[in-house]
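Here is what each chain is made of, one letter per residue.
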Amino acid sequence: MQRRLFPCLIALSLLLLATTVQAAGLSRAQRAKLAQAQEAYVAAVRWSDFEAAEGFIDPAYWQEHPLSDLQRERYRQVQVSGYRERSSGVGADGTIERRIEMKVVNRNTQAERTVMVNERWRWDAEGKRWWQAQGLPDLWQGQ
């Protein structure tokens, strides 16, 4: 059932995204690249491939917030079991902001929990691509 539902959720998310980015005045090429970037990023996160997800994070963010070996190891200890966009909008600076509900399973204890994370996508006019400017999702909020 979940395998059939996942493509429908992606299609619905892309429809909502298209409506949001049209309101932001983005070009057709920018909208297409945003959809591609977000779809690939979601796939990486959904499969708990955080190393691949790192490739979508804004290099300026990495300069200010590099991951330690301990942080990388923490990402290896979790399995993402759910990823759902709850809302999206356009920031005052033209970024695309999304609120995401994630379900995460600790690989050691098999305990599942739900966390809410924010994503902010920024257009890089020079590189002609979108970057996720919030970093990897904080799956340990308040811990």
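Please read all numbers here as calculations on a predicted model, not as lab measurements.

*Asks:* Just checking my understanding: could you explain the side chain of glutamate 85 for this structure?
*Replies:* Tracing the backbone through its elements, the reader meets glutamate 85 in strand β1 (residues 78–90). For glutamate 85, a relative accessible area of 14% puts it in the buried group. Of the polar contacts made by the side chain of glutamate 85, one reaches the side chain of serine 88; its length is 3.2 Å. Looking at glutamate 85, its side chain comes within polar contact range of the side chain of arginine 98, at 2.9 Å.

*Asks:* Got a minute to help me understand the sheet that holds strand β3 (residues 112–124) in this structure?
*Replies:* Backbone-to-backbone hydrogen bonds join strands into a sheet, with any given pair of strands oriented parallel or antiparallel. Spatially, 4 strands are ordered β1-β2-β3-β4 in an open sheet, and the strand pairing comes out antiparallel. Here the strands that pair on one side only, and so sit at the sheet edges, are β1 and β4 (129–132). Each strand of the sheet is rotated relative to its neighbour by a mean of 30°, with strand direction disregarded. Across 10 bridges, strand β2 (residues 96–106) lies against β3 in antiparallel orientation. Looking across to β3, one finds that lysine 103 is bridged to threonine 114. Each of β1, β2, β3 and β4 is contacted by helix α2 (residues 28–46), which is oriented at about 155° to β1, the strand it contacts most.

*Asks:* What's the story with α2 in this structure? I'm lost.
*Replies:* One turn of an α-helix holds 3.6 residues; hence residues three or four places apart share an orientation. Along its 19 residues, α2 runs 26 Å from first to last C-alpha, staying within 8% of the 27 Å computed at 1.5 Å per residue. Every buried residue of α2 is accounted for by Gln30, Leu34, Ala35, Ala37, Gln38, Tyr41, Val42, Ala44, Val45 and Arg46. Within two residues after α2, serine 48 carries a phi angle of roughly 60°, on the positive side.

*Asks:* I tried to follow the pairing of β2 on my own but got confused; where do I start?
*Replies:* On a regular strand, each side chain points to the face opposite its neighbour's, so the side chains alternate between the two faces of the sheet. Inspection of the sheet shows β1 paired to β2 by 11 bridges, in the antiparallel sense. Directly across from glycine 82, in β2, lies its bridge partner lysine 103. What sits between the antiparallel neighbours β1 and β2 is a turn of 5 residues, in which glycine 94 has the positive phi angle 90°. In sequence, β2 turns back onto β3 through a hairpin of 5 residues, with glutamine 110 there showing a positive phi of about 65°.

*Asks:* Can you help me understand the packing of aromatic side chains in this one?
*Replies:* In total, this model carries 6 aromatic pairs according to the counting rule given. Judged by centre distance (4.7 Å) and plane angle (45°), the ring pair of phenylalanine 50 and tyrosine 75 falls under tilted. Taken together, the residues span a long stretch of sequence, with phenylalanine 50 in helix α3 (residues 50–54) and tyrosine 75 in helix α5 (residues 69–76) at a distance of 25 residues. The same class applies to phenylalanine 50 and to tyrosine 75, which are both buried. A connected cluster of aromatic rings, assembled from ring pairs, spans Tyr41, Phe56 and Trp121.

About the cut-offs
Numbers given for residues are sequential positions, taken from 1 along each chain in its written order. With pLDDT at 70 or above as the cut-off, local features in this predicted model cover only qualifying residues; side-chain atom pairs require 80 or more to be listed or tallied, and sums for whole chains, interfaces and linings still use all residues. The basis for the side-chain values is all heavy atoms of the structure; hydrogens and waters are excluded. Helix and strand labels come from DSSP, where a helix needs a run of H or I of at least four residues and a strand needs a run of E of at least two; each type is numbered from the N terminus. When a residue's accessible area, from a 1.4 Å probe over protein chains only, is under 20% of the maximum for its type it is buried; when over 50% it is exposed; and in between it is partly exposed. Think of a polar contact as two N or O atoms within 3.5 Å of one another; within protein, one of them needs to be a possible hydrogen donor and the other a possible acceptor, and neighboring residues in sequence only count if both atoms come from side chains. Here, strands pair whenever DSSP counts at least two bridges between them. All axes here are fitted lines through C-alpha atoms, helices being fitted over the stretch that makes contact, and every angle between N-to-C directions spans 0 to 180 degrees. Every residue pair with non-hydrogen atoms within 4.5 Å of one another is taken to be in contact. To estimate the expected span of a helix, count its residues, drop one, and scale the result by 1.5 Å. Here the aromatic set is Phe, Tyr and Trp, taking the six-membered ring for Trp, and pairing holds for ring centres within 6.5 Å; pairs whose planes are under 30 degrees apart are stacked, those over 60 apart are edge-to-face, and all others are tilted.

Purely geometric stuff here, so don't read any function into it on its own.
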